[in-house]
Amino acid sequence: VTAFPTHCRSTATQRQRQRTRATKSTIVNISTTTTRLFAGGGFGMSKQSPTKKKATTKKKKKSSLLDNVTVDPPSSSNSNAGEASSSPKLDRFGLPIPTEEDIFPPLSADISRTPVVTDTATGTAFDRDEVADAIQNHLQINLDAFSNDDEEDNNNESKSNKWKLNMLHKDPPVFTIDNFFTKEECAAYQSMASEPSNFDNNEQQQTPKAVQITSPTFSSHSISRRTSTTWFCRYKDVPTLLAKARHLLKGDKKNAVELNQMEEPQIVRYRTGEEFSWHYDEIPANQLENGGQRLATLLVYLNDLEEGRGGGTVFRDLTPPPPSSSGGSRISEKKPRRSKGKNKSKSTESTANQQQKQLTVRPKTGTALLFFPSYKDGKPDIRTLHKGEVAKDTKMIAQLWIHQREYRAGVPEGNCQSDAEGVVEMEDERLGFL
């Protein structure tokens with residue numbers, strides 16, 4: 001049969017064939033889309049070749065790709081919501097996002113921890129022999145710097161300004177020092193973090209005493225949340241903190257802490273709703289070249305936060321001491337809520353109670369918190385996991401870390417421990433440490 005030229009076909013015939021081509025083209029497009037959805041072709045999938053398009057123009061009906069695909073009916077919105085809530089959260093690579101329990105698994109029962117046991121006969125907060133035993137594997141504490149309530153006050157200094165040591169946990173050792181800063185000293189350090197930055201007007205070129213930065217962690221990939229603001233201080237502008245820290249950790253000549261072991265002094269502010277979630281103070285292994293491991297954390301509370309206002313320092317795996325051994329420090333024991341259920345087993349209740357009993361130190365103006373992220377040989381202590389609770393009111397602290405060896409400061413630019421030697425000696429003399 002001889003085919004007629006295209007230009008001889010009637011208009012009606014042309015319209016009919018155009019409609020036929022459009023219908024078949026639609027079938028091809030639907031088939032292609034469905035293949036990508038169910039077969040997972042996705043990235044790099046090629047388009048339909050011209051040869052396959054010609055095959056669709058034949059009168060004999062070919063089997064469609066849709067014939068081999070079973071399409072499930074759309075699920076209800078409630079079903080989708082249930083699946084979403086039960087599925088783990090995924091990162092941008094489709095991998096489950098680790099939780100805090102994944103990163104900080106609970107300590108096993110065989111890891112020893114020794115809480116403080118009160119001497120019911122005396123109720124003494126400071127026992128020299130017990131403290132010496134607790135710190136034998138850590139930096140030494142200058143026990144001569146403290147006095148008991150029973151000691152006579154032979155100095156002119158009022159009793160309210162004398163240091164008082166309270167041991168809150170024995171192993172790992174955790175201490176508070178009452179009256180470490182005076183109210184005036186706390187106010188002076190808070191003012192250094194005021195905005196605009198406090199400048200040193202004695203120098204020809206004004207330099208800030210403290211440089212404000214968003215509080216960092218050692219890695220941008222850290223799971224710990226830190227939403228506070230930090231000011232890195234120049235050593236020469238915080239002689240009181242340095243002098244008192246050195247006097248506190250004086251020890252003997254062999255173990256005495258020097259200024260060059262001290263990390264940049266910091267002032268940290270937590271505004272309402274801010275926190276620092278579970279974390280360790282130890283240095284990551286790949287950053288130990290500068291000064292080695294952190295051996296001690298010294299934190300000074302610059303203002304009060306009342307009970308129920310958050311902002312406490314919580315040690316997850318340590319239990320608080322009995323009330324009579326807390327001395328003048330403000331600690332709190334999180335009390336478990338009583339369950340109304342009658343069928344709850346005793347073992348479940350015991351576990352819940354244990355989780356609620358965490359050593360929590362409440363901020364009190366001038367009180368210092370001292371603990372040891374690592375042993376004196378540099379081995380990190382995994383029992384010192386802690387956090388700064390979400391603060392409901394503004395909380396401010398001064399903090400300082402002590403390293404194993406000489407530490408090279410980096411912030412602010414040009415900051416150096418040797419610049420503070422003269423002013424720290426003058427402060428030692430003023431405070432009667434010499």
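Residues numbered from 1 in each chain as written. Predicted model: local features only at pLDDT ≥ 70, side-chain atom pairs only at ≥ 80, totals over all residues. Heavy atoms only, no water.

Draft legend 1. Representation of the overall build of the protein chain. Broken down by element type, the protein chain carries nine helices and 16 strands. Within the protein chain, the proportion of its 434 residues that are buried is 37%. Within the protein chain, contacts between residues separated by at least 24 positions form 80% of all contacts whose residues are at least 6 apart in sequence. A total of about 26300 Å² of accessible surface is found on the protein chain, and carbon and sulfur atoms cover 49% of it. (Helix = DSSP H or I, 4+ residues; strand = E, 2+ residues; numbered from the N terminus. Buried < 20%, exposed > 50% of the residue type's maximum accessible area, 1.4 Å probe, protein only. Contact = heavy atoms within 4.5 Å. Areas by Shrake-Rupley, 256 points an atom, 1.4 Å probe, with all protein chains shown as cover.)

Draft legend 2. Unusual backbone geometry, seen in detail. The residue after Asp171, namely Pro172, is reached through a cis peptide bond having omega 0°. Relative to the assigned elements, Pro172 resides in the loop between β2 (164-171) and β3 (174-178). In the segment running from Val411 into Pro412, the intervening peptide bond is cis, with an omega of -10°. At Asn179, a residue that is not glycine, the phi angle is positive and equals roughly 65°. Topologically, Asn179 is positioned in the loop between β3 and α6 (183-192). By relative accessible area, Asn179 is classed as partly exposed at 29%.

Draft legend 3. Structural detail: the pairing of β2. Of all eight residues that make up β2, six are buried, and the element is covered over most of its length. By the bridge criterion, two bridges tie strand β1 (residues 114-115) to β2 in an arrangement that is antiparallel. Bridge pairing in β2 links Pro115 to His169. Judged from the five bridges that link them, β2 and β3 form a sheet pairing that is antiparallel. Residue pairing in the sheet places Lys164 in a bridge with Asp178 of β3. Hairpin connection between β2 and β3: a loop of two residues separates the two successive antiparallel strands. (Pairing = 2+ DSSP bridges.)

Draft legend 4. How the structure looks around the nonpolar core. If you look at the biggest cluster of nonpolar residues, it comprises 52 residues, and the most contacted ones within it are Ile141, Leu248 and Leu370. Element by element, the count of residues in this core is highest for helix α7 (residues 239-248), at five residues. Look past the residues within four positions of Leu370 in its chain and what remains in contact with it is Ile141, Pro173, Val174, Phe175, Ile177, Leu248, Leu249, Ala296, Thr297 and Leu298. Ranked by size, the runner-up nonpolar core spans 16 residues in total, among them Val268, Leu369, Phe371 and Ile397. (Core = buried A, V, L, I, M, F, W, Y, C linked by side-chain atoms within 4.5 Å.)

Draft legend 5. The arrangement of the confidence of the model for the protein chain in detail. On average, residues of the protein chain score 76 in pLDDT, and 62% of them are at 70 or above. Low pLDDT, under 50, characterises residues 22-54; the predicted model gives this stretch 24 contacts beyond four residues in sequence or across chains. Low confidence marks residues 63-72, where pLDDT is under 50. Its contacts with residues over four positions away, or in another chain, come to twelve contacts. (pLDDT = per-residue confidence, 0-100.)

Draft legend 6. Spotlight on helix α9 (residues 421-431). Taken residue by residue, α9 has Val424, Glu427 and Asp428 as its buried positions. Relative to the axis of α9, the buried residues are bounded by an arc of 105° and lie together on one face. Those residues of α9 that are exposed and aimed more than 90 degrees away from the buried face are Glu425, Met426, Glu429 and Arg430. Buried positions along α9 lie against α7. (Arc of directions from axis to C-beta.)

Draft legend 7. Layout of the packing of aromatic side chains. Counting across every chain of the model gives seven aromatic pairs. For the ring pair Phe104 and Tyr280, a centre distance of 5.7 Å and an interplane angle of 70° mean the geometry is edge-to-face. Residue Phe104 is located in the loop between α4 (100-103) and β1, and its partner Tyr280 is located in the loop between β9 (276-279) and β10 (294-301); the two are separated by 176 residues in the primary sequence. Here Phe315 and Phe371 contribute two aromatic rings whose centre-to-centre distance is 5.1 Å and whose plane-to-plane angle is 85°, an arrangement assigned as edge-to-face. Of this pair, Phe315 sits in strand β11 (residues 313-315) while Phe371 is found in strand β14 (residues 368-371), placing the two residues 56 residues apart along the sequence. We classify Phe315 as buried; its relative accessible area is 0%. A relative accessible area of 1% means that Phe371 is categorised as buried. Here the aromatic residues Phe146, Trp163, Phe180, Phe181, Tyr189 and Phe433 are joined through ring pairs into a cluster of three or more. The ring centre of Trp401 lies 3.6 Å from the NZ or CZ of Arg294, which sits over that ring. Stacked on the ring of Tyr270, the Lys or Arg Lys395 has its end atom at 4.8 Å from the ring centre. (Phe/Tyr/Trp six-rings, centres within 6.5 Å; stacked < 30°, edge-to-face > 60°. Lys NZ or Arg CZ within 6 Å of the ring centre and 35° of its normal.)

Draft legend 8. Main features of the environment of Pro321. Among the secondary structure elements, Pro321 is positioned in the loop between β11 and β12 (331-333). Judged by relative accessible area, which is 5%, Pro321 ranks as buried. Sequence separation of Pro321 and Pro115 is 206 residues, and the distance between their C-alpha atoms is 6.5 Å.

Draft legend 9. Local environment of α7. With nine of ten residues buried, α7 is to be regarded as a mostly interior element. Those residues of α7 lying buried are Pro239, Thr240, Leu241, Leu242, Ala243, Lys244, Ala245, His247 and Leu248.

Draft legend 10. Layout of a negative patch on the surface. A cluster of acidic side chains, namely Glu258, Asp419, Glu421 and Glu425, defines a negative patch on the protein surface. Counting through the fold element by element, Glu258 comes out in the loop between α7 and β8 (266-270). (Patch = residues over 30% accessible without salt bridge, like charges linked within 9 Å, V, L, I, M, F, W, Y side chains within 5 Å. Salt bridge = Lys/Arg side-chain N within 4 Å of Asp/Glu carboxyl O. Lys, Arg positive; Asp, Glu negative; His and termini not counted. Charge placed at Lys NZ, Arg CZ, Asp CG, Glu CD.)

Draft legend 11. Focus on the pattern of salt bridges. Within the structure shown, the criterion is met by 13 salt bridges. Close ionic contact of Asp428 with Arg246 constitutes a salt bridge, the shortest N to O distance being 2.7 Å. With Asp428 in helix α9 and Arg246 in helix α7, this residue pair connects regions lying 182 residues apart in the sequence. Counted as one network, the salt bridges with shared partners bring together Glu185, Lys244, Glu427 and Arg430.

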